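Coordinates in review
As a plain string of letters, each chain reads:
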Amino acid sequence: MTRHALRRYALRLVSLVTALGLWQLLTGLDVDIWLRFSQFPTVTDVAHAFAGRLTGSDYWTDLTDSLTRILAGFLLAAVLGVAVGVLVARSRLAEDLLGPVLEVVRPIPAIALVPVAILLFPSNEHGIVFITFTAAFFPVLVSTRHAVRALTPVWEEAVRTMGGGRWRILGSVVLPGALPGIFGGLSVGIGVSWICVISAEMISGQYGVGYRTWQDYTVVDYPGVFVGMVTIGVLGWVTSTAVELLGRRLTRWLPRTSYVPGGRSRSAMLPAPAPASARVPVVVKAEGDSQYQSDAQQQGSGETEQEARDEHLV
């Protein structure tokens with residue numbers, strides 16, 4: 001690991017420790033300046049509650065249930081969202097048939113569909129997975145649709161020229177070209193899924209991190225509430241990071257801008273290309289033919305001066 005990477009990790013650790021220290025200071029001194037920090041548990045109280053939860057079986061059961069729900073709904077949304085997004089972007093018939101329905105349903109918050117899920121599915125478990133699926137489906141769908149429509153038609157025409165058919169274009173042009181946009185939608189979708197699955201567990205769940213957090217609130221166990229919040233944050237960060245790493249691995253062929261201290265990227269440090277009007281054609285010469293290169297440069301200079309005279313006369 002390089003010195004620059006160590007410095008960045010050290011800064012992140014300092015940022016986290018500073019936030020925790022400020023939390024402990026404000027809650028330990030019972031600071032009440034408009035914001036009532038005296039009502040908050042301290043960091044040590046939350047740490048003690050967290051240690052107690054880790055030794056019990058309910059915490060791991062809740063964790064397993066929430067992860068199962070989020071993975072089932074998110075994977076289903078990823079597959080169907082990409083498929084429907086490509087279909088709508090590539091087919092006018094599919095856009096006319098599915099577009100109006102999707103655009104009407106898309107603005108409805110997924111958590112508002114909880115009554116529909118309760119009435120529609122035979123068990124609360126299926127309803128929570130449905131809510132999670134709906135939350136992730138539309139970000140993936142919209143990102144995929146825009147990514148496919150933004151592809152340049154030159155690539156598709158090149159594949160057709162070489163005899164490629166529809167499936168070859170889909171596999172070698174459409175999906176690889178749209179991958180950055182698809183993973184952008186997946187990153188948004190996994191975050192929205194966590195928000196909605198926790199809310200659904202609070203409303204109609206029997207187990208899960210959201211259900212346990214709400215139960216702690218009803219019995220006024222505020223350290224337990226913060227244990228649930230920290231667990232949700234860590235789970236969301238881990239899953240989002242996993243999606244991002246998978247996207248980077250599958251799009252290794254993309255050019256990436258590496259960070260350089262001072263606020264400039266490496267690509268920005270490269271010299272900008274000269275304007276078209278200032279470019280001089282490069283003359284390829286054989287070895288030892290320096291006289292030919294000199295004549296060519298003089299000829300190019302003479303042509304430039306002649307064009308300037310003609311422009312002045314006009």
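Residues numbered from 1 in each chain as written. Predicted model: local features only at pLDDT ≥ 70, side-chain atom pairs only at ≥ 80, totals over all residues. Heavy atoms only, no water.

Scanning the protein from N- to C-terminus turns up twelve helices and four strands. Buried positions account for 29% of the 314 residues belonging to the protein. Long-range contacts, defined here as pairs at least 24 residues apart, represent 66% of the contacts in the protein between residues at least 6 apart. Approximately 20,900 Å² of the protein is accessible, and the part contributed by carbon and sulfur atoms is 64%. (Helix = DSSP H or I, 4+ residues; strand = E, 2+ residues; numbered from the N terminus. Buried < 20%, exposed > 50% of the residue type's maximum accessible area, 1.4 Å probe, protein only. Contact = heavy atoms within 4.5 Å. Areas by Shrake-Rupley, 256 points an atom, 1.4 Å probe, with all protein chains shown as cover.)

What follows concerns the environment of leucine 71. Looking at the element boundaries, leucine 71 is found in helix α3 (residues 57–90). Sequence separation between leucine 71 and threonine 239 is 168 residues; the distance between their C-alpha atoms is 9.4 Å.

On the secondary structure map, serine 66 appears in helix α3. Under the relative-accessibility criterion, serine 66 is labelled buried at 0%. Not counting chain neighbours up to four residues away, the residues in contact with serine 66 comprise Trp194, Glu201, Gly208 and Val209.

Applying the stated criterion across every chain yields a total of nine aromatic pairs. Relative to phenylalanine 40, the ring of phenylalanine 37 has its centre 6.2 Å away and its plane inclined at 70 degrees; by these criteria the two rings are edge-to-face. On the accessibility criterion, phenylalanine 40 (40% relative accessible area) is partly exposed. Between the aromatic rings of phenylalanine 133 and phenylalanine 137, the centroid separation amounts to 5.4 Å while the plane-to-plane angle is 35 degrees, which identifies the pairing as tilted. Linking phenylalanine 133 with phenylalanine 137, this pair stays in helix α6 (residues 124–149), spanning four residues, or about one helical turn. Like phenylalanine 137, phenylalanine 133 is buried. An aromatic cluster of three or more residues is present, and its members are Trp23, Phe37, Phe40 and Phe226. (Phe/Tyr/Trp six-rings, centres within 6.5 Å; stacked < 30°, edge-to-face > 60°.)

Chain-level pLDDT for the protein is 81 on average; 81% of the residues reach the 70-or-more range. Here residues 265–301 scores under 50 on pLDDT; set against residues more than four positions off or in separate chains, the count is 14 contacts. A low-confidence stretch, residues 303–314 (pLDDT under 50), is modelled with zero contacts involving residues beyond four sequence positions or located in other chains. (pLDDT = per-residue confidence, 0-100.)

Moving on, we come to the pattern of salt bridges. Within the structure shown, the criterion is met by eleven salt bridges. With a shortest N-O distance of 2.7 Å, arginine 53 and aspartate 216 are connected by a salt bridge. Of this pair, arginine 53 sits in helix α2 (residues 43–54) while aspartate 216 sits in helix α9 (residues 209–218); the two residues are 163 residues apart in sequence, bridging distant segments of the chain. As a salt-bridge pair, glutamate 244 and arginine 248 come within 3.7 Å of each other at their nearest N and O atoms. Here the residue glutamate 244 and the residue arginine 248 both occupy positions in helix α10 (residues 222–250), the gap between them amounting to four residues, near one helical turn. Taken together, the shared-partner salt bridges connect Arg53, Asp216 and Asp221 into one network. (Salt bridge = Lys/Arg side-chain N within 4 Å of Asp/Glu carboxyl O.)

This brings us to the packing of α3 against α10. Two elements in contact, α3 and α10, have axes whose closest approach is 12 Å; the angle formed by their N-to-C orientations is 40 degrees. Crossing geometry of α3 relative to α10 is assigned as right-handed. Packed against α3, whose contacting residues are Tyr59, Leu63, Leu67 and Phe74, the element α10 presents Val227, Thr231, Leu235 and Val243 at the interface. Each residue belonging to the contact of α3 with α10 can be placed in one class, and the counts come to seven nonpolar, one polar and no charged. (Axes fitted to C-alpha atoms, helices over the stretch in contact; angles between N-to-C directions. Left-handed = near helix turned anticlockwise from the far one by under 90°. Nonpolar A, V, L, I, M, F, W, Y, C, P; charged D, E, K, R; others polar.)

A cluster of nonpolar residues, Leu87, Leu93, Leu97 and Leu98, forms a patch on the protein surface that exposes about 390 Å² of accessible area. Counting residues per element, the nonpolar patch draws most heavily on helix α4 (residues 92–105), at three residues. As for its placement among the helices and strands, leucine 97 is situated in helix α4. We classify leucine 97 as exposed; its relative accessible area is 60%. (Patch = residues over 30% accessible without salt bridge, like charges linked within 9 Å, V, L, I, M, F, W, Y side chains within 5 Å.)

Before going further, it helps to spend a moment on the nonpolar core. Judged by nonpolar contacts, the single largest core of 49 residues is most densely connected at Leu102, Ile131, Phe137, Leu186 and Trp194. Contributions of two or more residues to this core are made by α3, α5 (114–120), α6, α8 (166–204) and α10. By residue number, the principal contributor to this core is α8, which donates 14 residues. Not counting residues within four places of it along the chain, the set of residues in contact with isoleucine 131 comprises Ala110, Leu113, Val114, Ala117, Cys196 and Ala200. (Core = buried A, V, L, I, M, F, W, Y, C linked by side-chain atoms within 4.5 Å.)

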